[in-house]
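If you want the building blocks of each chain, they are given just below.
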Amino acid sequence: GEGAGPLLYQIGEVQISLQVQADPTYPGRRLLLGFVIGIPCAGLEANLALQDQVVATVPLDALGNLSVPGVPPGTYHLIVRGPTAEVHILELEVA
C-alpha cells in the first residue's frame, strides 16, 4: 500500500524488493519502484499484468532497478524475465 515499507520476496537465490508510492505525475495512480538481486540483470525486463493482460513492460537497469509509473490501484501479477531466468510474483496489491 501507499507509504508502507518495501515488499520483500525471495525465490531461490533471487531477491526482489518492491515499493508502491503515490505517483506525482499521474494523480490517483501509483509508482511501483523496485530492485532485483541474485541474478544477472543484463537483459531483464519486468511485465506487470492485470487479469492476464500485460499493462506495462519496463527494462531493468544494470543495477537491477525497475520503475513502473502510472499504475492504477489493483491486484497485479509481476513477471521479471530475462535470457536465463523468469520469476513470478502473484497477487501484488497496488493500493
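Only a predicted model underlies this, so the values are computations on that prediction, with no experimental measurement involved.

### Some thoughts on the sheet that holds strand β4 (residues 45-50)
- Within the open sheet, the four strands sit side by side as β5-β4-β7-β8. Their pairing is antiparallel. With one partner strand each, in any of the chains shown, β5 (53-59) and β8 (86-94) form the two edges of the open sheet. Averaged over neighbouring strand pairs, the angle between their axes works out to 20° when direction is ignored.
- Where β4 lies against strand β7 (residues 74-81), five bridges are found, and the strand directions are antiparallel. Looking at β7, one finds that Glu 45 is bridged to Arg 81.

### Overview of the nonpolar core
- One finds Ile 16, Val 36, Leu 48, Val 68, Leu 78, Val 80 and Leu 92 to be the most contacted residues of the largest nonpolar core, which totals 24 residues.
- Not counting chain neighbours up to four residues away, the residues in contact with Leu 92 comprise Leu 7, Tyr 9, Leu 18, Leu 32, Leu 48, Gly 74, Thr 75, Tyr 76 and Leu 78.

### A look at the pairing of β4
- Pairing of β4 with β5, which is carried by six bridges, proceeds in the antiparallel orientation. Paired with Ala 46 across the two strands is Val 58, which belongs to β5.
- Hairpin connection, β4 to β5: the antiparallel pair is bridged by two residues, and Gln 51 has positive phi, about 50°.

### Comments concerning the sheet that holds strand β1 (residues 7-11)
- If you walk across this open sheet you meet the four strands as β1-β2-β3-β6, and the pairing is antiparallel. Edge strands, defined here as strands with exactly one partner in the open sheet, are β1 and β6 (65-71). Here the average twist between neighbouring strands, direction ignored, is 20°.
- Sheet analysis places β1 next to strand β2 (residues 14-22), joined by five bridges and oriented antiparallel. Directly across from Gln 10, in β2, lies its bridge partner Gln 15.

### Points about the side chain of Asp 23
- Mapped onto the elements, Asp 23 comes out in the loop between β2 and β3 (30-37).
- Despite its burial, Asp 23 pairs with no opposite charge, the nearest such side chain being Arg 29 at 8.0 Å.
- Asp 23 has contacts with Arg 29, Arg 30, Leu 31, Pro 69 and Gly 70, leaving out every residue within four places of it along the chain.

Rules used throughout
- Numbering of residues starts from 1 in every chain and runs along the sequence as written.
- With pLDDT at 70 or above as the cut-off, local features in this predicted model cover only qualifying residues; side-chain atom pairs require 80 or more to be listed or tallied, and sums for whole chains, interfaces and linings still use all residues.
- For the side-chain quantities, the full set of heavy atoms in the structure was used; hydrogens and water were omitted.
- When DSSP locates at least two bridges between a pair of strands, those strands are taken to pair.
- What counts as a helix is a DSSP run of H or I of at least four residues, what counts as a strand is a run of E of at least two, and both are numbered from the N terminus.
- Orientation is described by lines fitted to C-alpha atoms, with helices fitted over the stretch in contact, and by angles between N-to-C directions that extend from 0 to 180 degrees.
- Here, nonpolar core refers to any group of buried Ala, Val, Leu, Ile, Met, Phe, Trp, Tyr and Cys residues whose side-chain atoms link them within 4.5 Å.
- Under the scheme applied here, a residue whose accessible area is under 20% of the maximum for its type counts as buried, over 50% as exposed, and between as partly exposed, the area being computed with a 1.4 Å probe on protein chains only.
- Note on definitions: a residue-residue contact is assigned when non-hydrogen atoms from the two residues lie within 4.5 Å.
- Asp and Glu count as negative and Lys and Arg as positive, but His and the ends of the chain are not part of the count.
- Between Lys or Arg on one side and Asp or Glu on the other, a salt bridge is scored when a side-chain nitrogen of the former is within 4 Å of a carboxyl oxygen of the latter.

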